[in-house]
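Below are the chains, spelled out letter by letter.
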Amino acid sequence: MDNVDEQHSDSTGRLDGPEIPEGMSADARETWPSSQLISSWLTDSDVDFQLHPGEDLEVDTSSPEAVSRARQFRDVLGRFASGITVVTTMSNGEPIGMTCQSFSSVSLTPPLVLFVPARTSRAWPRIQRAGKFCVNFLADGQSDLSNTMASRGADKFADVAWQPSPVTGSPVFDGTLGYVDCTIHTVHEAGDHYVVIGQVQDLVMGNGEEPLLYFQGKYRTTDG
């Protein structure tokens, strides 16, 4: 499919060029979606949202096999329900935030946690330069906050209530389940992501009651 990107597609996303991609039959070509449509399924250039471990991969859309593997990876990993966090910091006096599903505790002694930003994340380089971050655990009813922090808007914090954490000064949101305030301990390269280990400097329980969860591409909670 070397020439897929040079071909055009109709309103259904099918290829309309006369050249059949190498290795693909004419029948298969009639129903195979364009590379642009495939890309729209697998990525979203308008978000900085780490909800799926494979969501920010640069998939070779010229390869049906690569697209199929990426889709299967996302679908299977999407069966694992997890909480939603927003990782924040301050950079040159500006609040920075990114929504992140890939978060975990690591160690009690010393107290360590981790989160996993994609290499394509716009927020991560600024968090790394700051050397500190706060992980906010979102509560049920905070899906709008999750979506806002996942966007790549100019000012995500314009209409969001927050205050600086006592230790690192990173943004802490109202109504969360709690937060952990950290300094960056180590960073490991892991394929198309980074594994960021943070050393916990402070941690506080919030007044949220039920967690905001993510399962099979949708927000959920434990209530009912």
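Before reading on, note that the structure itself is shown above.
Worth saying up front: this structure is predicted, and the values here are computed from it rather than measured.

A. Region of interest: the overall build of the protein. When helices and strands are tallied, the protein shows five helices and 13 strands. Here the protein holds 224 residues, and 41% of them are scored as buried. Counting only contacts in the protein whose residues sit at least 6 apart along the sequence, the fraction spanning at least 24 positions is 60%. When the accessible surface of the protein is totalled, it reaches about 11,800 Å², and 50% of it is carbon and sulfur.

B. Quick peek at the nonpolar core. Ranked by size, the top nonpolar core spans 16 residues in total, and within it V87, M98, F115, I127 and F133 carry the most contacts. At the level of secondary structure, the elements contributing two or more residues to this core comprise β4 (94-100), β6 (112-115), α4 (124-130), β7 (132-137), β10 (178-190) and β11 (193-205). Counting ten residues, the second largest nonpolar core, distinct from the first, contains V86, L138, F173 and Y214.

C. Inspection of a nonpolar patch on the surface at higher detail. On the surface, a cluster of nonpolar side chains totalling about 250 Å² of accessible area is made up of F73, V76 and L77. Mapped onto the elements of the fold, L77 is located in helix α3 (residues 64-77).

D. The packing of aromatic side chains, seen in detail. Under the criterion given, the structure shown has seven aromatic pairs. Aromatic side chains F103 and F137 sit 5.5 Å apart centroid to centroid with 50° between the ring planes, which places their arrangement in the tilted category. With F103 in strand β5 (residues 103-107) and F137 in strand β7, the pair connects residues that are 34 residues apart, well separated along the chain. When its relative accessible area of 25% is taken as the criterion, F103 is described as partly exposed. When the ring of Y214 is compared with that of Y219, the centres are 5.4 Å apart and the planes differ by 80°; the resulting orientation is edge-to-face.

E. Region of the structure containing the sheet that holds strand β2 (residues 82-83). Spatially, β2-β12-β13 is the arrangement adopted by the three strands of the open sheet, whose pairing is antiparallel. Each of the sheet's edge strands pairs with one partner strand only, and the pair in question is β2 and β13 (218-220). As defined by bridge partners, strand β12 (residues 213-215) adjoins β13 across three bridges and the pair is classed as antiparallel. In the sheet register, L213 faces β13, and the bridge partner there is R220.

F. Structural detail: a negative patch on the surface. Taken together, the side chains of D140, E209, E210 and D223 present a region of like negative charge at the surface. Along the polypeptide, E209 turns up in the loop between β11 and β12.

G. Inspection of α3 at higher detail. Compared with an ideal rise of 1.5 Å per residue, which puts 14 residues at 20 Å, α3 spans 20 Å between its outermost C-alpha atoms and is within 8% of the ideal. If you check which residues of α3 are buried, you get A66, V67, A70 and R74. Within α3, the buried residues cover an arc of 100° as seen down the axis, which keeps them to one side. Pointing more than 90 degrees away from the buried face of α3 are the exposed residues R69, Q72 and V76.

What counts and how
Residues numbered from 1 in each chain as written. Predicted model: local features only at pLDDT ≥ 70, side-chain atom pairs only at ≥ 80, totals over all residues. Heavy atoms only, no water. Helix = DSSP H or I, 4+ residues; strand = E, 2+ residues; numbered from the N terminus. Buried < 20%, exposed > 50% of the residue type's maximum accessible area, 1.4 Å probe, protein only. Contact = heavy atoms within 4.5 Å. Areas by Shrake-Rupley, 256 points an atom, 1.4 Å probe, with all protein chains shown as cover. Core = buried A, V, L, I, M, F, W, Y, C linked by side-chain atoms within 4.5 Å. Patch = residues over 30% accessible without salt bridge, like charges linked within 9 Å, V, L, I, M, F, W, Y side chains within 5 Å. Salt bridge = Lys/Arg side-chain N within 4 Å of Asp/Glu carboxyl O. Phe/Tyr/Trp six-rings, centres within 6.5 Å; stacked < 30°, edge-to-face > 60°. Pairing = 2+ DSSP bridges. Lys, Arg positive; Asp, Glu negative; His and termini not counted. Charge placed at Lys NZ, Arg CZ, Asp CG, Glu CD. Expected span 1.5 Å × (residues − 1). Arc of directions from axis to C-beta.

Purely geometric numbers; function is a separate question.
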